[in-house]
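Close look at the chain arrangement
Okay, here's what each chain looks like letter by letter:
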Amino acid sequence: MTTMPRLSFCIAFALAALLGGCQSAEVAERPAAVRSPSPSPAVKAADQPQKISAVAIVANYVAIAQATYGDALLTGRQLETAVNALLAHPSVQTLEAARSAWRAARIPYLQSEVFRFGNAVVDEWEPRVNSWPLDEGLIDYVAASYGTESDNNNFFTANVIANPLIDIGGISVDAGNLSPQFLAETLQNIDGVDANVATGYHAIEFLLWGQDLHGTTPGAGERPYTDYDLAKCTHKNCDRRRTYLASAMHLLVSDLEEMVQSWQNGGRAYGALMDKGDNGGLATLLAGMGSLAYGELAGERLRLALLLHDPEEEQDCFSDNTLWSHYYDNRGIRNLWQGRYVRVNGDVVSGASLEALLRANAPEVHAEMNAKVETTDLAMEALVKQGSPYDVLIAPGNSVGETLINNTVQALMEETHSIEKIISVLGLQNVSIKGSDSLTTPAK
Amino acid sequence: MFRHAPLLLLTWLFSPALLAQNQQWKEVNLAITDGVIVPAYERFALATVPLTTDAAGFCAAVTQDNLAKLQQDFQQAMDGWQGVQHIQFGPITYFNWNYRLQFWPDDNNAGTRQMDTLLAAADPAVLAPAAFAQQSVGVQGFQALERLLFSNDSLAALQKTPFRCQLVQAIAHNLGDISTGLAKRWHDEFRTTVANADQRGGYFENSRDVTLDYLKAVVESVRRIQRQKLEAVLADSQAAAHERKAESWRSDRSVRNLRVNVAAFAALFSQSKPALSSVLPAADIPAITAAFDKVEKSLAAAPDSMTTALKSPQGYAALKQSRDDINALYEALEVAVKHTDLYLGFNSLDGD
């Protein structure tokens, strides 16, 4: 471990390129169209890379944001339809259909996460839809193994579905009506605690799957459909659980509608981005890629869970969908590098890309980044294809899992280093991002 | 055009001006390493010895006096750790040592959950050093030990449950092993790694990168203590303050941690000759020095106990003042960095 180079090497690369038959040049010259089955007029522009401009890249960045959030809303509405069917006719089949719709809704949403960092408007909105980890004992029944106290959270086991009146630590809450407004304005982050997550994908995930009590062995949450069946109600309070699920679902769709609107011309996210200017926009794009790759994906989501061997530390801990979440987060990063997004209906949105800009102006950094993106893709594919869920991979003593996860963390860290090089070669290191900290200190 | 880029790059890399500048980075790095960092890790290793020694015999006589002694030992070892906590590169990254020494902050209560699971299973086999090193980081370090030694019912619980006492021994042993390993690695190996940073194929790309890591250890850590050790606790008002989000609230040393941290940042920034401060514009240094002084004075004036301070408006205000002063220090550092072409890159505060 001590002899492993921490970083990639500019000097080594330069020497290899000079002495080693210019494999890098071959990579650098590969036209963007090779990777795009249906090149748009904008992709043709990429064939003349000297004309790639920051303004065109930022315009394409916005187009991809619009398409990605549009798809998140589309699949969010499909999830709402499935949840309504579950509530209308609770059964094994309708519950499984709602779970499938949840998994499908995650695919575009996770690809949108790369827009969160650097865009303060998105970062402020995000906790409503995707907060985790959550102390699910706030919402509904939990097993004894969950524990009874938390240093950080007095509402650790409040269980609002079972308790219409709550009085904890001097805070009295009338939870009689589990309305969208109550969830969003009172319960979410109650007592100033981030783990009190009342809304969003993961609250809904918990309501569809329940706790995963399999620890680090195979198996996800096994909530029975009868938790929503008024006639055959299990675990009590089915009426209030139904109300909670409907309210959370309503909020998710309205929050996604808000974000779709925000990226339209005249919307808040769009306006804030435009205010930053071309280089500010480019800096935002890179801040999103680097922050998601390094601090968030490599750190919070991959490495931490492995170090703790704690299944509650995996993002989709109820559904065991975590590996796919990692996979599509990474796809989002690649989307911005290549300036290309494949929509849920198969349409391709593509245009001026960071890749083309670097290919024209800094071929060695371009080739390095391309190689890093490729390595990360391969590591992610190895993770999702091996067959075990994430909570099994992080079990103490699972050396195969540890290696796969560490390979992915290493790949993401090295990719981040290349992103830092791109920021340096484009001279963007001192570009401030309005509404957020500078690139050196992204929000939170 | 791009086919010539590597050649141009090589020409630039070996230009006399760059070589001279590399020498300057290297001198700063070695001065810091030998004069500040290696001694700090050696102090940490020494500070952990009493804890390891006293814990080894503790289970034979679990008394109030012996517990009090261990609590003192804990404080001493923690002082040592807080003096190097900001160094996030080099040997601390080997074998997950960083997380195994201290897993904090623990927003999702994983430490408690993992500790409860370990205590419930009460399997002595996992406490053997090699096996213990593979357990959750939530049970291996200072946070877990603090919970075992400083809870209200610690004495009774330790007397009643032999496994709990054995766990104290295992953690103390673990902390001793890691702190000794860190000091040894820095002294025997990593000092050379820093000296040879410009050689190809090593840990660093070049000497400049070492300097950047040291600078990052100051700038990023100033931000980190402001956010994690003060803002998270202070919240928006005294009524909303979260005492238990403070680092080391059980052992009531949250303010002491901050004082040790800032003294360590100041030493790293300006103690060596040449100092790390020499890589920033001279014109910006007086403001940074003044900001450091202000933070040190405000932390010295703050109550020793954060728990007590949070209970009074005056105490809360004093902590807020320290928070603001630390923020001002961060801003002074940031301004200076922006006057250079140094880019500190992404950091672990990114994301959630």
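Calculation rules
- Residue positions are given per chain, counting from 1 as you read along its sequence in written order.
- Labels follow written order: the first chain is A, the first ligand is 1, and so on.
- This being a predicted model, a pLDDT of at least 70 is required before a residue's local features are given, and a value of 80 or more before pairs of side-chain atoms are given or counted; all residues contribute to the totals for chains, interfaces and linings.
- Note that the side-chain values use all heavy atoms of the structure and ignore hydrogens as well as water.
- Between buried and exposed lies partly exposed: a residue is buried under 20% and exposed over 50% of the maximum accessible area for its type, with that area taken using a 1.4 Å probe on protein chains only.
- Runs of H or I in DSSP of at least four residues are treated as helices and runs of E of at least two as strands, each being numbered from the N terminus.
- Here, strands pair whenever DSSP counts at least two bridges between them.
- For every element, the axis is a line fit to its C-alpha atoms; helices are fit only across the contacting stretch, and the angle between N-to-C directions ranges from 0 to 180 degrees.
- Under this scheme an angle from 65 to 115 degrees is roughly perpendicular, one under 35 degrees roughly parallel, and one over 145 degrees roughly antiparallel; angles in between are oblique.
- In this scheme, a crossing is called left-handed if the near helix is turned counterclockwise away from the far one by less than a right angle; it is called right-handed if the turn is clockwise.
- Here, residues are in contact when the closest pair of their heavy atoms is within 4.5 Å.
- As a working rule, the residues Ala, Val, Leu, Ile, Met, Phe, Trp, Tyr, Cys and Pro are called nonpolar, Asp, Glu, Lys and Arg charged, and the rest polar, with Gly in that last group.
- To define a nonpolar core, start from buried Ala, Val, Leu, Ile, Met, Phe, Trp, Tyr and Cys residues and group those joined through side-chain atoms within 4.5 Å.
- In this analysis, the protein atoms alone were mapped onto a 1 Å grid. Cavities are point sets where a 1.4 Å probe fits without being able to get out; pockets are open sets with protein on both sides within 12 Å along at least five of seven lines; lining residues have an atom within 4 Å of a point.
- Grid points are joined across faces, edges and corners, and a volume is the space filled by probe spheres set on the points.

Before going further, it helps to spend a moment on the pairing of strand E1 (residues 165-168) of chain A. All names here are of chain A. The side-chain alternation of E1 yields one buried face, formed by Ile 166 and Ile 168, and one unburied face, formed by Leu 165 and Asp 167. The pairing of E1 with strand E2 (residues 171-174) spans four bridges and is antiparallel. The residue bridging Ile 168 from the neighbouring strand is Ile 171, located in E2. Here E1 folds back onto E2, and the loop between the two strands holds two residues, one of which, Gly 169, carries a positive phi near 55 degrees.

All names here are of chain A. Between helix H11 (residues 277-308) and helix H16 (residues 399-425), whose axes approach to 9 Å, the crossing angle comes to 160 degrees. In terms of orientation, H11 lies roughly antiparallel with respect to H16. By crossing handedness, the relation of H11 to H16 is classed as left-handed. The residues of H16 that touch H11, namely those facing Leu 286, Met 289, Gly 290, Ala 293, Tyr 294, Leu 297, Ala 298, Leu 302, Arg 303 and Leu 306, are Glu 402, Ile 405, Asn 406, Thr 408, Val 409, Leu 412, Met 413, Thr 416, Ile 419, Ile 422 and Ile 423. Classifying every residue of the contact of H11 with H16 by side-chain character gives 15 nonpolar, four polar and two charged.

Moving on, we come to the nonpolar core. A:Tyr244, A:Trp263, A:Met289 and A:Leu354 are the most contacted members of the largest nonpolar core, which has 121 residues in total. The leading source of residues in this core is helix H4 (residues 54-88) of chain A, at 16 residues. Excluding anything up to four places from it in sequence, A:Trp263 contacts A:Tyr61, A:Val62, A:Ala65, A:Gln66, A:Tyr69, A:Phe115, A:Asn119, A:Val122, A:Ala269, A:Tyr270 and A:Leu273. Core analysis: the next-biggest nonpolar cluster, separate from the first, contains 105 residues, B:Tyr41, B:Leu70, B:Val84 and B:Cys165 among them.

This part is about unusual backbone geometry. Along the chain, B:Trp104 connects to B:Pro105 via a cis peptide bond; the corresponding omega equals 0 degrees. The backbone of A:Asn159 sits at a positive phi, close to 50 degrees, despite the residue not being glycine. Mapped onto the fold, A:Asn159 is located in the loop between helix H6 (120-130) and E1. Within the chain, B:Asn96 stands out as a residue other than glycine whose phi angle is a positive 55 degrees.

So, about the layout of surface pockets. Approximately 650 Å³ is the volume attributed to the second largest pocket. In terms of lining, the second largest pocket is formed by 25 residues, of which the most central are A:Gly215, A:His309, A:Pro311, B:Gln114 and B:Thr117. Here the lining of the second largest pocket is built from residues that sort into ten nonpolar, nine polar and six charged.

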